[in-house]
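Chain by chain, the residues run as shown.
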Amino acid sequence: QVLLLESGGGLVQAGGSLRLSCAARTFSSNTMGTMGWFLQAPGKEREFVAAIRWSDTTYYTDSVKGRFTISRDNAKNVVYLQMNSLKPEDTAVYYCAAQRAYSGYYSGISNYDYWGQGTQVTVSS
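Presented here is a report on the structure given in the accompanying data block. (Residues numbered from 1 in each chain as written. Predicted model: local features only at pLDDT ≥ 70, side-chain atom pairs only at ≥ 80, totals over all residues. Heavy atoms only, no water.)

This part covers the state of the cysteines. On inspection of all chains with the given rule, the structure shows one disulfide. Note on cysteine connectivity: C22 is disulfide-linked to C96, with sulfurs 2.0 Å apart. Between C22 and C96, the S-S dihedral sits near -80 degrees, and the bridge is therefore left-handed. Of this pair, C22 sits in strand β3 (residues 18–26) while C96 is found in strand β9 (residues 92–98), placing the two residues 74 residues apart along the sequence. Using a relative accessible area of 0% as the deciding quantity, one classes C22 as buried. (Disulfide = S-S within 2.5 Å. Helix = DSSP H or I, 4+ residues; strand = E, 2+ residues; numbered from the N terminus. Buried < 20%, exposed > 50% of the residue type's maximum accessible area, 1.4 Å probe, protein only.)

Another point: the environment of R100. You can see R100 is positioned in the loop between β9 and β10 (114–115). A sequence separation of 19 residues divides R100 from L81, and the C-alpha atoms of the two residues are 20 Å apart. The contacts of R100, once residues within four sequence positions are left out, are D113 and Y114. (Contact = heavy atoms within 4.5 Å.)

Before going further, it helps to examine the packing of aromatic side chains. Tallied over the entire structure, the rule returns six aromatic pairs. With 5.7 Å between their ring centres and 75 degrees between their planes, F38 and F48 make a pair best called edge-to-face. A residue pair is termed long-range when its members are at least 10 positions apart, and F38 in strand β4 (residues 35–40) and F48 in strand β5 (residues 47–52) qualify at ten residues. F48 shares its class with F38; the two are buried. Where F38 meets Y112, the ring centres are 5.3 Å apart and the plane angle is 80 degrees; that geometry is what we call edge-to-face. A residue pair is termed long-range when its members are at least 10 positions apart, and F38 in strand β4 and Y112 in the loop between β9 and β10 qualify at 74 residues. No difference in accessibility class separates F38 from Y112, as the two residues are buried. Connected via pairs of aromatic rings, a cluster forms that spans F38, F48, Y59, Y106, Y112 and W115. (Phe/Tyr/Trp six-rings, centres within 6.5 Å; stacked < 30°, edge-to-face > 60°.)

Quick look at the structure:
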């Protein structure tokens, strides 16, 4: 059983920054595999934003490359998403996700076993 606890969302003006955090609470000695962030805008499907493997290899969707940075603290089971140069189109609910075991896939919703409750990010123009 794993609980993902997100924090850090809020309202920011265009060009501003936010840092999202996701703490994984496990009930075993296992640590998480690949962890990712997804977003869901109103009326749209949930989509991939970024992922990071245990090895610190990172992946990003094209629209956030150069603006967002994903990182993790393996000792604490925490993953971060630093979001800079935010745009109004980044407005969405952001979800943290975790894989229970290694998978070669990282960008699909079905690739993840655990999900957080979501945190709202609103970017005003």
